[in-house]
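Residue-level structure breakdown
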2 protein chains.
Amino acid sequence: MTVLETQGFLPHIAFDSVIFGFSKGKLKILLMEYHDTGWLALPGGFVRKEEDLDEAAKRGLKERTGLDNIYLEQFYTFGNMARFKPEVMQTILEANGFFLDPDHWMLDRFISVSYFALINFEKVILTPDELSDSIAWYEIDSLPKLILDHNAIVAKALQTLRENLERKLIGGNLLPERFTMNELQQVYEAIFGEKIRRTTFQRKMLGLDILERHEKLYTGKSHKAPYLYSFKKV
Amino acid sequence: MTVLETQGFLPHIAFDSVIFGFSKGKLKILLMEYHDTGWLALPGGFVRKEEDLDEAAKRGLKERTGLDNIYLEQFYTFGNMARFKPEVMQTILEANGFFLDPDHWMLDRFISVSYFALINFEKVILTPDELSDSIAWYEIDSLPKLILDHNAIVAKALQTLRENLERKLIGGNLLPERFTMNELQQVYEAIFGEKIRRTTFQRKMLGLDILERHEKLYTGKSHKAPYLYSFKKV
DNA sequence: CCAAAAGTGTTAGCGTTACACCCATGG
DNA sequence: CCATGGGTGTAACGCTAACACTTTTGG
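This is a predicted model, so every value here is computed, not measured.

Check the secondary structure of chain A and you find five helices and ten strands. Expressed along its principal axes, the backbone C-alpha trace of chain A runs to roughly 65 × 35 × 30 Å. The buried share of chain A, reckoned over its 234 residues, is 48%. A fraction of 72% describes how many contacts in chain A between residues 6 or more apart in sequence connect residues 24 or more apart. When the accessible surface of chain A is split by element, carbon and sulfur atoms take 50% of a total near 11,800 Å².

Structural data, given as structure tokens:
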């Protein structure tokens with residue numbers, strides 16, 4: 001199936017995903033780079049005519065990262081006229097050798113139902129789509145200019161993540177199954193963009209009674225070995 | 001213009017509004033009752049082809065309540081296949097004397113971008129749409145069965161309202177410009193569905209430094225007259 | 001003077017903060 | 001023994017809860 005297939009997708013409706021990962025102390029998201037233009041965009045896609053909206057987003061996530069069963073949350077739907085710039089999609093498609101009628105469904109106005117995902121950086125197998133040269137990680141606090149309103153979409157995703165992090169305790173989704181307290185703290189610091197007091201953080205996390213303590217992690221460094229933790233199941 | 005106009009609206013995209021009001025100690029929402037069927041639904045509508053999504057929701061709110069400049073927040077977009085029941089819209093339209101082709105755009109699949117609004121009950125001038133016999137207030141904790149997934153939409157709206165009430169301090173939008181502390185407390189109690197300690201509530205609200213104290217309200221009752229408060233501007 | 005509701009003072013409790021201290025590890 | 005980073009004890013602090021008390025109003 002090609003993206004240009006006329007049948008099969010709902011017109012006017014797209015989804016975009018802000019896929020967060022954490023590595024080397026930095027919060028990052030995935031961006032696609034379109035052929036030739038060098039333009040950067042969030043990974044996204046369209047909704048099949050007989051597919052749940054959420055399923056479409058899950059499918060898109062799976063296609064780009066290979067991952068299933070991921071923390072995925074819908075956070076906002078962007079539908080201003082200002083985001084309707086048919087020449088952008090037209091240029092992207094032409095760079096791929098597709099020359100469409102001006103009234104082709106892909107050049108029409110779209111609203112974007114936007115999701116954010118939290119994934120374990122280590123497990124991702126990146127796969128570009130057919131219009132893109134690459135899909136790659138970009139640090140959240142030095143993002144380049146993205147197409148359309150995608151920078152605003154990222155900003156809103158980050159805001160939602162910050163608001164929900166402590167209430168829903170979803171930060172662990174960015175880490176491997178077992179992690180040290182320091183790693184968890186780095187995730188929180190990367191998301192909030194500020195340093196957190198070590199002892200306070202440790203006590204707050206342990207006090208929530210959501211962590212299970214496992215064996216120590218011996219790194220070969222000359223200091224006390226930290227415990228490994230995991231989130232309690234159910 | 002009639003709802004059946006084929007041109008002018010984006011297909012597949014609808015909006016629905018959960019419009020909250022507060023009266024006589026109860027939290028209420030507005031529901032439409034369709035002709036003949038007796039079916040109840042959230043007020044909603046479609047998005048014009050050259051209209052911002054948010055503008056469409058504002059327009060719908062204005063059409064039903066007469067109100068402008070209202071607290072309105074988009075909270076979720078519902079897009080499961082399970083909500084696609086063309087026979088529901090078909091029955092509603094037939095009850096109004098409209099018999100459409102099965103492939104008419106109004107009988108197609110829709111996703112619903114959902115908004116909730118907080119309004120001053122006293123100021124509303126209710127106006128049914130052309131498919132409805134009535135638009136009226138219903139108490140949130142004894143809602144009847146609504147069409148499609150509208151009960152779930154209301155549930156999610158209420159959940160979002162509860163989560164945002166204290167963070168965004170939006171409760172005052174349900175009250176007149178000036179109100180007593182007791183009235184504000186009743187709003188909070190109606191939204192959370194539980195009693196709040198009077199003195200604690202008063203001190204917390206005053207401590208937030210968002211209220212301005214005005215003259216006392218003499219009701220003729222034989223007890224101390226309460227102060228009137230308003231929210232500080234900016 | 002009384003009843004009722006509004007507003008405030010006071011104390012206790014509890015969770016977070018700040019800082020110190022101790023522990024484990026490898027060089 | 002030292003440097004380094006992890007873990008915990010303790011006291012101060014601050015916010016909320018709990019309850020008593022005072023104030024205001026009309027009958």
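Surrounding DNA strand C, one finds 24 residues, the nearest of these being A:R197, A:T200, A:Y218, B:R198 and B:R203. In the environment of DNA strand C, a base nitrogen lies 2.7 Å from a nitrogen or oxygen atom belonging to the side chain of B:R198. Looking at the surface near DNA strand C, the elements with two or more residues in it are α5 (198-207) of chain A together with α5 (198-207) and β10 (227-231) of chain B. Tallying contributions element by element places α5(B) first for the surface near DNA strand C, with four residues. Its residues placed into classes, the surface near DNA strand C shows five nonpolar, ten polar and nine charged.

The subject of this paragraph is the pattern of salt bridges. Residue and element names in this part refer to chain A. What the rule picks out here adds up to 28 salt bridges over all chains. Two residues, E51 and R59, come together in a salt bridge whose shortest N-O distance is 2.6 Å. Between K232 and D209 there is a salt bridge, with the nearest N and O atoms lying 2.9 Å from each other. Of the two residues, K232 is situated in the segment after β10 (227-231) and D209 in the loop between α5 and β9 (211-216); the sequence distance between them amounts to 23 residues. The class for K232 is partly exposed, based on a relative accessible area of 37%. Under the relative-accessibility criterion, D209 is labelled exposed at 52%.

Before going further, it helps to spend a moment on the UniProt feature "domain: Nudix hydrolase" (unreviewed entry) in chain A. UniProt marks residues 10-162 of chain A with the feature "domain: Nudix hydrolase" (unreviewed entry), using the numbering shown here. Across residues 10-162 of chain A, the secondary structure splits into 23% helix and 35% strand, with the terminal C-alpha atoms separated by 32 Å.

Let us look at the sheet that holds strand β8 (residues 179-180) of chain A. Residue and element names in this part refer to chain A. Strands sit in the order β8-β10-β9 across an open sheet of three strands; the sheet is antiparallel. A strand with exactly one partner marks an edge of an open sheet, and here the two such strands are β8 and β9. Bridge count between β8 and β10: two bridges; the pairing is antiparallel. Following the sheet pairing, F179 is matched in β10 by Y229.

Cut-off values and rules
Residues numbered from 1 in each chain as written. Chains lettered and ligands numbered in written order. Predicted model: local features only at pLDDT ≥ 70, side-chain atom pairs only at ≥ 80, totals over all residues. Heavy atoms only, no water. Helix = DSSP H or I, 4+ residues; strand = E, 2+ residues; numbered from the N terminus. Buried < 20%, exposed > 50% of the residue type's maximum accessible area, 1.4 Å probe, protein only. Contact = heavy atoms within 4.5 Å. Areas by Shrake-Rupley, 256 points an atom, 1.4 Å probe, with all protein chains shown as cover. Near = heavy atom within 4 Å. Polar contact = N/O pair within 3.5 Å; in protein donor to acceptor, adjacent residues only side chain to side chain. Nonpolar A, V, L, I, M, F, W, Y, C, P; charged D, E, K, R; others polar. Salt bridge = Lys/Arg side-chain N within 4 Å of Asp/Glu carboxyl O. UniProt positions renumbered as here; feature names shortened; annotations may be inferred. Pairing = 2+ DSSP bridges.

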